[in-house]
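# Observations on the model geometry
Okay, here's what each chain looks like letter by letter:
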Amino acid sequence: MSREEDEPKVMDEEMLQQAIVEQGPQGQAGQIAKKEGIQHEEVLQLRLDFRNILKISHLWHFTSLTKLQLDNNVIERIEGLENLTNLIWLDLSFNNIEVIEGLDSLVKLEDLSLFNNRISVIENLDALQNLNILSIGNNSIAQLDNVLYLRQFENLRTLNLAGNPICDEEDFKIFVTAYLPDLVYLDYRLLDEQTRETAFAKFQYAVEEVQHNELQKQEANKALKITDEELQLHKDAFVEYLNGPQLFDSMFAEDPDAEKLALLPGIDTLLETYKSEMKALCVQIFDAGLAQLAKRTAEMKSFSTGSHEAVTDNQREAAQITADFENFRRQKIVEMQQITDADLLEAHITSCHEQAEQFSENLMSLELQLVDQLEDIFKDFERNISDMVGGFIENVQGTFAQCRDLENRHHEQQLVIALATLEKVVKSELEEKIPDDLATLLVDKDTVTNAVSASHDTHLQKIDDREDELLARVNSWMSALLKSIHNDEVKRNRKRISEIQNYISFVKDELEDMASSEDN
């Protein structure tokens with residue numbers, strides 16, 4: 001394999017046109033089609049496997065495409081597919097993809113293969129509600145709970161997860177079967193009734209709890225009249241389900257003694273106050289998240305504009321230098337073809353070599369200037385985005401600390417009421433009848449204290465989990481963004497250096513050919 005064939009490629013018009021011709025009609029029909037031209041908008045299927053493609057590009061005209069094969073390349077990012085809204089089948093297996101993204105517009109997609117990549121999280125597939133087959137084996141998915149994300153896909157019948165770390169979990173098969181009950185095939189095998197019965201028996205109550213939570217979220221969305229677009233906006237801001245009492249409700253929904261403790265005399269007023277104050281704090285986080293998202297978006301737009309302008313200005317200057325040299329080169333070639341004197345020709349060739357070297361130095365110098373300029377722009381962006389995220393994190397941590405303070409205060413007040421109620425029960429001083437559910441807790445001081453403490457621990461854990469999730473996602477987003485920008489710039493720079501070197505090699509080879517032909 002030659003160096004040119006081995007080098008990663010960005011998809012371009014030449015590659016696409018070649019694929020269309022190769023996969024189009026053959027024989028006389030093919031000759032007619034080639035002569036008349038095949039419109040990109042008419043192509044229904046396209047195979048671009050084994051082409052060493054690094055970046056997906058130039059596909060915006062293929063609006064009728066229903067099947068796209070991009071397997072066995074070196075693609076690192078899913079992008080450039082926005083206009084392929086009729087796509088039903090997409091193969092991105094055997095690439096270097098780390099994050100699932102860029103698929104939001106493919107709402108008709110039914111069959112998706114991401115087999116043998118570097119994906120660690122199943123995410124960003126929400127728009128693919130027609131998904132019937134998903135192959136995501138041989139990746140780096142390690143969290144079994146990530147499978148729960150796939151519950152939203154009602155049409156999913158075939159799932160391949162083989163070769164992921166989660167497959168080493170003892171209950172992997174029955175866990176997936178329990179939480180995805182409509183699945184027919186798992187890891188290329190039919191799910192039999194015995195597996196389904198075992199899964200149901202082991203995970204029945206856990207699945208019912210998940211279903212209950214899903215229903216609560218759906219009802220909350222309906223009550224708040226949140227559209228899918230709005231919910232996605234909230235997720236992008238990392239503050240979904242914080243624009244109301246959802247966190248408070250989830251704290252008590254997962255508290256086994258909450259309903260019993262709510263029967264304590266006078267506790268209802270306490271709970272209403274607690275709920276109102278907790279909701280206000282959550283809305284503070286929610287509003288801060290949306291404000292932060294707007295600032296981040298503006299900063300990213302400013303960075304993108306600045307980078308684009310720097311690259312465009314540099315390309316314009318490089319294009320002028322190249323055009324001037326190309327005119328010089330072509331003129332010299334014509335002149336040298338008329339020269340019959342060997343010494344004079346050699347002098348011209350030497351002069352052209354020197355001009356080529358100077359041309360190369362000019363382009364390399366220009367590229368170095370651009371690298372320095374983009375690095376300065378990136379450093380400013382990195383500093384600004386880090387300050388934004390840091391400020392947001394500090395704000396969020398402070399507000400969640402207030403949430404914990406609220407919970408601690410509620411716990412103390414609830415414990416006082418519970419112990420006072422127990423004392424009245426023991427002394428038979430309580431006027432109203434104690435409900436049976438509450439009576440099971442009012443046995444002795446230890447029982448009451450343990451129940452109130454367990455409830456308190458559940459609530460704190462829920463607050464901690466929501467805070468940890470938000471912070472982890474914010475930091476992960478920032479790290480992935482900065483890494484992606486850095487990697488894109490490295491690829492751009494390498495590609496540009498390669499373009500310059502290849503062109504200079506072409507010029508020198510041409511001069512060598514002229515010298516050789518003269519010797520002959």
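Before reading on, note that the structure itself is shown above.
So, here's what we can say about the structure. From a predicted model like this one, the values you see are computed outputs, not experimental measurements. The residue numbers shown here count from 1 along each chain, following its written sequence. Local features are withheld for residues below a pLDDT of 70 in this predicted model, meaning they are given only at 70 or higher, and side-chain atom pairs are given and counted only at 80 or more; totals for whole chains, interfaces and linings count all residues. Hydrogen atoms and water are omitted, and side-chain values are computed over all heavy atoms in the structure.

A separate point is the overall build of the protein chain. Numbering of helices and strands runs from the N terminus, with a helix taken as a DSSP run of H or I at least four residues long and a strand as a DSSP run of E at least two residues long. Within the protein chain, the regular secondary structure consists of 12 helices and 10 strands. With respect to the three principal axes, the spread of C-alpha positions in the protein chain is 125 × 55 × 40 Å. Exposure categories follow from relative accessible area, calculated using a 1.4 Å probe and restricted to protein chains: below 20% of the type maximum is buried, above 50% is exposed, and the middle band is partly exposed. Counting across all 520 residues of the protein chain, residues that qualify as buried make up 38%. By definition, residues are in contact when any of their heavy atoms lie within 4.5 Å. Once local pairs closer than 6 in sequence are excluded, the contacts in the protein chain between residues at least 24 apart make up 60%. Here the Shrake-Rupley method, with its probe set to 1.4 Å, supplies the accessible areas, and only the displayed protein chains count as covering residues. Counting only carbon and sulfur atoms, one obtains 49% of the accessible surface of the protein chain, whose full area is about 28,600 Å².

The next thing to look at is the pattern of salt bridges. Any carboxyl oxygen of Asp or Glu within 4 Å of a side-chain nitrogen of Lys or Arg constitutes a salt bridge here. All chains considered together, the criterion is met by 27 salt bridges. Among the ionic pairs, Glu357 bridges to Lys508, the shortest N-O distance being 2.3 Å. Residue Glu357 is found in helix α10 (residues 342–426), and its partner Lys508 is found in helix α12 (residues 445–519); the two are separated by 151 residues along the sequence. Here Arg492 ties to Glu489 by a salt bridge, and the two come within 2.8 Å at their closest N and O atoms. Pair noted here: Arg492 and Glu489 are both in helix α12, with a separation of 3 residues, about one helical turn. When its relative accessible area of 22% is taken as the criterion, Arg492 is described as partly exposed. Residue Glu489 is classed as partly exposed on the basis of its relative accessible area, which comes to 21%. Here the residues in one salt-bridge network are Glu240, Arg466, Glu469 and Arg473, joined through shared partners.

Here we take up helix α2 (residues 13–23). Owing to its 3.6 residues per turn, the α-helix aligns residues three or four sequence positions apart on the same side. Buried residues of α2: Met15, Leu16, Ala19 and Ile20, and no others. Seen from one end, α2 has its buried residues packed into an arc of 135°, which puts them on one side. Buried positions along α2 lie against β1 (9–10), β2 (45–47) and β3 (53–55). The arc refers to the directions leading from the helix axis to the C-beta atoms.

We now examine the sheet that holds strand β9 (residues 185–186). Adjacent strands of a sheet form backbone hydrogen bonds with each other and so pair up, either parallel or antiparallel. Two strands pair under a simple rule: DSSP has to find at least two bridges between them. Strand order across the open sheet formed by 8 strands is β2-β4-β5-β6-β7-β8-β9-β10, with mixed pairing between neighbours. With partners counted over all chains shown, the strands left at the sheet margins are β2 and β10 (189–190), one partner each. As judged from the 2 bridges shared by strand β8 (residues 158–160) and β9, these two strands associate in the parallel manner. Looking across to β9, one finds that Leu159 is bridged to Leu186.

Let us now look at the state of the cysteines. The definition used for a disulfide is geometric: two cysteine sulfur atoms within 2.5 Å. For the structure on display, the rule yields 0 disulfides. The thiol of Cys282 is not disulfide-bonded; the next cysteine sulfur, from Cys403, is found 5.0 Å away. For Cys403, a relative accessible area of 0% translates into the label buried.

Here Leu161 is to be found in the loop between β8 and α4 (172–179). Given a relative accessible area of 0%, Leu161 falls into the buried group. Separated by 99 residues in the primary sequence, Leu161 and Phe62 place their C-alpha atoms 31 Å from one another. Setting aside chain neighbours within four positions, we find Leu161 in contact with Ile122, Ile136, Gly137, Ile141, Val147, Ile166, Cys167, Phe172, Val176 and Asp187.

This part is about the packing of aromatic side chains. Note on ring pairs: Phe, Tyr and Trp rings are taken, using the six-membered ring of Trp, and paired if centres are within 6.5 Å. Classes follow the plane angle, with under 30 degrees stacked, over 60 edge-to-face and the rest tilted. Summed over the entire model, instances satisfying the criterion amount to 15 aromatic pairs. Residues Tyr503 and Phe506 carry aromatic rings whose centres are separated by 6.3 Å and whose planes lie at 40° to one another, so their mutual orientation is tilted. Of this pair, Tyr503 and Phe506 both sit in helix α12, 3 residues apart, which is roughly one turn of the helix. Under the relative-accessibility criterion, Tyr503 is labelled partly exposed at 22%. Three or more aromatic residues joined by ring pairs form one cluster here, namely Phe325, Phe328, Phe359, Tyr503 and Phe506. Geometry around Trp89 places Lys67 over its ring, the cationic atom sitting 4.5 Å from the centre. For a lysine, the NZ atom is tested; for an arginine, the CZ atom; a charge sits over a ring if that atom is within 6 Å of the ring centre and within 35 degrees of the ring normal.

A word on the environment of Phe153. Secondary-structure assignment places Phe153 in the loop between β7 (133–135) and β8. A relative accessible area of 4% means that Phe153 is categorised as buried. Considered as a pair, Phe153 and Asn130 are 23 residues apart in the sequence and their alpha carbons are 7.3 Å apart. If sequence neighbours within four positions are ignored, Phe153 has contacts with Leu125, Asp126, Leu128, Gln129 and Leu131.

This part takes up helix α7 (residues 246–253). Burial runs high along α7: 6 of the 8 residues are buried. Of all the positions in α7, only Gln246, Leu247, Phe248, Ser250, Met251 and Phe252 are classed as buried.

Where helix α6 (residues 228–236) meets helix α9 (residues 267–338), the axes come as close as 9 Å, and the angle between the chain directions of the two elements is 85°. With respect to α9, the axis of α6 lies roughly perpendicular. Taken together, the residues of α9 that come into contact with α6 (itself represented by Leu233, His234 and Asp236) are Phe286, Leu290, Leu293 and Arg296. Of the residues contributing to the contact of α6 with α9, the split by class is 4 nonpolar, 1 polar and 2 charged. Working convention: axes come from line fits to C-alpha atoms, limited for helices to the stretch in contact. Angles between N-to-C directions cover 0 to 180 degrees. Roughly parallel here means an angle under 35 degrees, roughly antiparallel means over 145, roughly perpendicular means 65 to 115, and every remaining angle is called oblique. Residues are grouped as follows: Ala, Val, Leu, Ile, Met, Phe, Trp, Tyr, Cys and Pro are nonpolar; Asp, Glu, Lys and Arg are charged; all remaining types, including Gly, are polar.

Attention shifts here to unusual backbone geometry. With a phi close to 60°, His58 is a non-glycine residue in the positive phi region. In this fold, His58 is placed in the loop between β3 and β4 (67–69). Its relative accessible area of 24% is what places His58 among the partly exposed residues. With phi around 55°, Phe94 is a residue other than glycine that occupies positive phi space. With respect to the element layout, Phe94 can be found in the loop between β5 (89–91) and β6 (111–113). Judged by relative accessible area, Phe94 falls into the partly exposed class, the value being 35%.

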